[in-house]
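# Residue-level structure breakdown
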Amino acid sequence: MLAYFGERISPHMTDTPEGFLICHDVPIGRVGEMEYLARELQLDGEQDRRVLVTRDEAEVFSPAALASFEGKPVTDGHPPENVGPENCAAYAKGHLQNVRRNGSFVLADLHITDPNLISEVRNGVKREVSCGYTCLYERAGNGFRQKQIRGNHVAVVPKG
């Protein structure tokens, strides 16, 4: 199932000699408990009810989860489908690099290559990210626990 996680872009940015933008130390994931709407998890029943989802340290920082985000596309908003070889040229506006753990967060550097998206980030129009990933959900108490988190893309958005 595709899921999303949102955070604010770090103010630490640099330009490359070519004019690309690197946004350093951007949080793309974290451990802890988060609330989702039932419809976001495709659950039956009242679609606007809040559901607690736990992201454990062992899952968020597993070597497979961290490696799955390295080199993944940066997109301008969330694409209507998972990004893969067949549509990457249409959606990719850059890539992730230097994916790493920092405390309870997963950080990455966003290397943005698209001039329109660079302008929107610089001008403050889009200053948040929303991480697109797949995962499995297992019941945990009254909520769920995410397992097997695997990165697909990181969307730059007005509000994550």
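Look above for the structure.
Criteria and thresholds
- Residues numbered from 1 in each chain as written.
- Predicted model: local features only at pLDDT ≥ 70, side-chain atom pairs only at ≥ 80, totals over all residues.
- Heavy atoms only, no water.
- Helix = DSSP H or I, 4+ residues; strand = E, 2+ residues; numbered from the N terminus.
- Buried < 20%, exposed > 50% of the residue type's maximum accessible area, 1.4 Å probe, protein only.
- Contact = heavy atoms within 4.5 Å.
- Areas by Shrake-Rupley, 256 points an atom, 1.4 Å probe, with all protein chains shown as cover.
- Lys, Arg positive; Asp, Glu negative; His and termini not counted.
- Charge placed at Lys NZ, Arg CZ, Asp CG, Glu CD.
- 1 Å grid on protein atoms, 1.4 Å probe; cavity = no way out; pocket = protein on both sides within 12 Å on 5 of 7 lines; lining within 4 Å.
- Points joined across faces, edges and corners; volume = space filled by probe spheres on them.
- Nonpolar A, V, L, I, M, F, W, Y, C, P; charged D, E, K, R; others polar.
- Phe/Tyr/Trp six-rings, centres within 6.5 Å; stacked < 30°, edge-to-face > 60°.
- Pairing = 2+ DSSP bridges.
- Salt bridge = Lys/Arg side-chain N within 4 Å of Asp/Glu carboxyl O.

Helices and strands together make up the secondary structure of the chain, namely four helices and 10 strands. Overall, the chain shows an N-to-C arrangement of helices and strands of β-β-β-β-β-α-α-β-α-β-β-α-β-β. Here the chain holds 160 residues, and 47% of them are scored as buried. Across the chain, the fraction of contacts at a sequence separation of at least 24, relative to all contacts at a separation of at least 6, is 62%. For the chain, the accessible area works out to roughly 8000 Å², and carbon and sulfur atoms hold 49% of it. Side-chain charges in the chain split into 18 positive and 22 negative, and the spacing between the mean points of these groups amounts to 3 Å.

Let us now look at empty space enclosed by the protein. Under the counting rule described, the total for this entry stands at one cavity of 30 Å³ or more. Of the volumes computed, that of the largest cavity is approximately 50 Å³. Looking at the largest cavity, the residues that line it are I28, G29, R55, V60, A65, F69, V106 and I149. Within the residue set of the lining of the largest cavity, elements represented by two or more residues are β3 (21-30) and α2 (63-69). Of the residues in the lining of the largest cavity, the class split is six nonpolar, one polar and one charged.

Per the stated rule, a full pass over the model turns up one aromatic pair. Seen in terms of ring centroids, Y137 and F144 are 6.4 Å apart; in terms of plane orientation they differ by 85 degrees. Their pairing is edge-to-face. On the basis of relative accessible area, Y137 is assigned to the partly exposed category, the value being 22%.

Turning to unusual backbone geometry, a few remarks are in order. With a phi close to 60 degrees, N98 is a non-glycine residue in the positive phi region. The topology assignment puts N98 in strand β7 (residues 92-102). By relative accessible area, N98 is classed as partly exposed at 40%.

Attention now goes to the pairing of strand β6 (residues 73-76). Note that β6 and β7 share two bridges and pair antiparallel. Paired with P73 across the bridge in β7 is H95. As judged from the three bridges shared by β6 and strand β10 (residues 143-157), these two strands associate in the parallel manner. Considered in β10, the bridge of D76 is made with V156.

Moving on: the pattern of salt bridges. Per the stated rule, a full pass over the model turns up 11 salt bridges. Across the salt bridge formed by D48 and R39, the nearest N and O atoms sit 2.1 Å from each other. Residue class for D48 comes out partly exposed when judged on its relative accessible area of 46%. Notably, a salt bridge pairs R145 with D56, separated by 2.5 Å at the nearest N-O pair. Separated by 89 residues along the polypeptide, R145 in strand β10 and D56 in the loop between β5 (50-55) and α1 (57-60) bring together distant segments of the chain. Residue classification places R145 among the partly exposed residues on the basis of a relative accessible area of 23%. Relative accessible area serves as the criterion here: at 25%, D56 is assigned to the partly exposed category. Several salt bridges share partner residues, and in doing so they unite D25, R100 and D109 into one network.

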